[in-house]
Amino acid sequence: MIQNNVKTHHLIISLSQKCKTLKQLKQIHAHVLKSSSPENPFPVGPVLSAAATSGDGSFFSYARSIFDHLRHRNVFMYNSMIRGYVRTSSPLDSVLCYLDMLDYGLAANHYTFPPLMKACTILVPGSTKLIIGRLVHAHVVKFGFRDDPFVNSALIEFYSSVCEMGTGRLLFDNCHKKDVVLWTTMVDGYGKMGEVEKARELFDEMPERNAVSWSAMMAAYSRVSDFKEVLCLFGQMQEVSTKPNEAVLVSVLTACAHLGAVMQGIWVHSYAKRNKLDANPILATALVDMYSKCGFLESALAVFEGIVNKDVEAWNAMITGLSLNGNARKSLEFFDKMTIDRVQPTETTFIAVLTACTHAKMVNEGLNLFDEMGTIYGVKPQREHHACVVDLLARAGMVEEAEKFIEEKMGGFEGWDANVWGALLGACRVYGKVEVGNRVWKKLADMGIADCGAHVLSYNMYREAGWEMQAKGVRKMISKSGMLKQPGCSVIEVNGVFEEFLAGDLCHPQAQEIFKILDSFFKMVYLEDVMSHDVLLHNI
């Protein structure tokens, strides 16, 4: 009898998890209600769990209905609901559900706290979040789960979300059972805090690593834009024969996009195809981004068209790619297709289309899109969008209009950054609008702006216009403050190895050989010029 009940229970679990529609789940629920006693909540548990944790809104609503009408509940049911609230982004309800469980007279188990701490992690930032998280931590200690690695992983993730990795490290150091999940959580926590050196130190100490560990370390480097190290890590990962997951491949593609390492990106694409990973929408979007930024627009379009369910991120990647490659008209066409497909544009979408209009000098189209952002699409213009409009007007030579837009729509230059005043000063220099540029420079000087780029732009504008006294004044300010312009940088890929060069940098190990080669090139060009000159004289 007991054996039959166990088999039936496992069958209900299996069938509940395989349900594709709510109707199927309701049929299983009806069977359970018909064949079991109302006094025994045990058989209903698998149905409730499948509905609560499916991630589907209608399924979860049904789970809540089941839960609310239960005469008897157990810890498994409460844990399912706590997880369900987390899956549906209702963290506060998850915490309230836990409190209800305690009021019901049930004690938490080690399955309760990982989702409960996840709820604390995704709460709205603020003092309340920290208080709730610490109270839950106190309950972890009270119920005797302070040495559980899964619970500790959830706690460390929480403390990294509130910028308290010191507490996280204390938990890690005092935990006697350190598994790969706990190590990886620490690496990821430091990475999210931007403390890459500490993350790498722990990563190198790990007794074992899995694909998630490598992914966490690569993501840490990616956050601080150290894309060369991302690719170096990927090479090391291949050397130890760890199979990459989708997250690793996305990090690698992001690095390839920023470094222009298209050959490495093509290899990743080929690997994804061979392992049937290219259907993953996040990975496909990363491929679109990589191909676009590397200038392979046709390949980007081919990947984009192959995405079955295109979400807003995929559309944004393609629209941005078209914009970056100077195809403004097509970028706007794709924006129209996106809205026809009823995909809601985001802030990123409008940065892409406004940038496209800027480079194509499509001023009217850009201004119309900016006006329609809030009124038609419900997207409130942010700082970046205002900066795009200033750039749009400035690049079209409409510097007076750009200045007026800053004063009237943006409340003046106060609180804005180099993207705004740099665009306007650059346009004043290009179009010879020195009077406007002079007004802008005076305002920046009064504000005490110490941006080297703005100073250099102003100096060049004055010098080229023949305003020698003003040019000397700006140059004196640059010298007095000791400002240094950020050196230019370029990266090349040779046989899968990436070399970075900075303007004026002599630290490269092959610097002398490089200078000799460059010198020989200059001599060759010089000789060709002399020979061409001699031929020209002979013909005369």
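Residues numbered from 1 in each chain as written. Predicted model: local features only at pLDDT ≥ 70, side-chain atom pairs only at ≥ 80, totals over all residues. Heavy atoms only, no water.

With respect to the overall build of the chain
A count of helices and strands for the chain gives 29 helices and two strands. For the chain, buried positions account for 44% of its 540 residues. Excluding contacts between residues fewer than 6 apart, the proportion of contacts in the chain whose partners are at least 24 apart in sequence is 58%. Counting every atom, the chain has about 29300 Å² of accessible surface; 55% of that belongs to carbon and sulfur. (Helix = DSSP H or I, 4+ residues; strand = E, 2+ residues; numbered from the N terminus. Buried < 20%, exposed > 50% of the residue type's maximum accessible area, 1.4 Å probe, protein only. Contact = heavy atoms within 4.5 Å. Areas by Shrake-Rupley, 256 points an atom, 1.4 Å probe, with all protein chains shown as cover.)

Concerning the packing of aromatic side chains
What the rule picks out here adds up to 19 aromatic pairs. Between Phe60 and Tyr85, the aromatic rings sit 5.1 Å apart at their centres with planes inclined by 75°, giving edge-to-face as the arrangement. Of this pair, Phe60 sits in helix H4 (residues 57-68) while Tyr85 is found in helix H5 (residues 75-87), placing the two residues 25 residues apart along the sequence. Across the pair, Tyr85 and Phe60 agree in class, each one buried. Among the aromatic residues, those joined into a ring-pair cluster are Tyr98, Phe113, Phe143 and Phe145. Positioned above the aromatic ring of Trp214, the side-chain terminus of Arg209 is 5.3 Å from the ring centre. One cation-aromatic arrangement involves Lys310 over Phe304; the distance from NZ or CZ to the ring centre is 5.2 Å. (Phe/Tyr/Trp six-rings, centres within 6.5 Å; stacked < 30°, edge-to-face > 60°. Lys NZ or Arg CZ within 6 Å of the ring centre and 35° of its normal.)

Side note on the UniProt feature "repeat: PPR" (unreviewed entry) in the chain
The positions that UniProt labels "repeat: PPR" (unreviewed entry) are, in the present scheme, residues 74-108, 179-213 and 311-345. Between the C-alpha atoms that bound residues 74-108 there is a distance of 10 Å. The span itself is 74% helix and 0% strand. Taken end to end, residues 179-213 comprises 74% helix and 0% strand; its first and last C-alpha atoms sit 12 Å apart. (UniProt positions renumbered as here; feature names shortened; annotations may be inferred.)

Here's the deal with helix H14 (residues 227-239)
Taking 1.5 Å as the rise per residue, H14 with 13 residues should run 18 Å; its terminal C-alpha atoms sit 19 Å apart, in good agreement. Among the residues of H14, Phe227, Val230, Leu231, Leu233, Phe234 and Met237 are the ones counted as buried. When H14 is viewed along its axis, its buried side chains cluster within an angular range of 155° and face the same direction. Positive phi appears at Ser241, one or two residues downstream of H14, with a value of about 60°. (Expected span 1.5 Å × (residues − 1). Arc of directions from axis to C-beta.)

Section: the nonpolar core
Residues Met81, Phe113, Met217, Met218, Met290 and Met318 are the most contacted members of the largest nonpolar core, which totals 159 residues. With nine residues, helix H15 (residues 246-259) is the largest single contributor of residues to this core. Setting aside anything within four residues of it in sequence, one finds Met290 in contact with Leu253, Cys256, Ala257, Val262, Gly265 and Ile266. (Core = buried A, V, L, I, M, F, W, Y, C linked by side-chain atoms within 4.5 Å.)

Thoughts on the state of the cysteines
Scanning all chains against the criterion turns up zero disulfides. The thiol of Cys294 is not disulfide-bonded; the next cysteine sulfur, from Cys256, is found 7.1 Å away. What makes Cys294 buried here is its relative accessible area of 17%. (Disulfide = S-S within 2.5 Å.)

Quick look at the packing of helix H13 (residues 211-223) against H14
Viewed as axis vectors pointing N to C, H13 and H14 meet at an angle of 165°, and their least axial separation amounts to 8 Å. Considered as vectors, H13 and H14 are oriented roughly antiparallel to each other. For the pair H13 and H14, the crossing hand works out as right-handed. Contacts between H13 and H14 involve Ala211, Trp214, Met217, Met218, Tyr221 and Ser222 from the former and Phe227, Glu229, Val230, Leu233, Phe234, Gln236 and Met237 from the latter. Looking at the contact of H13 with H14, its residues break down into 10 nonpolar, two polar and one charged. (Axes fitted to C-alpha atoms, helices over the stretch in contact; angles between N-to-C directions. Parallel < 35°, antiparallel > 145°, perpendicular 65-115°, else oblique. Left-handed = near helix turned anticlockwise from the far one by under 90°. Nonpolar A, V, L, I, M, F, W, Y, C, P; charged D, E, K, R; others polar.)

Some points on the pattern of salt bridges
Using the criterion set out here, one finds 17 salt bridges in the structure. The residue Arg73 makes a salt bridge to Asp100 at a minimum N-O spacing of 3.4 Å. With Arg73 in the loop between H4 and H5 and Asp100 in helix H6 (residues 91-103), this residue pair connects regions lying 27 residues apart in the sequence. Owing to a relative accessible area of 33%, Asp100 belongs among the partly exposed residues under this scheme. Here Glu157 ties to Lys118 by a salt bridge, and the two come within 3.0 Å at their closest N and O atoms. With Glu157 in helix H9 (residues 149-161) and Lys118 in helix H7 (residues 113-121), the pair connects residues that are 39 residues apart, well separated along the chain. Ionic contacts of the salt-bridge type, sharing partners, join the residues Glu403, Glu407, Arg439 and Lys443 into one network. (Salt bridge = Lys/Arg side-chain N within 4 Å of Asp/Glu carboxyl O.)

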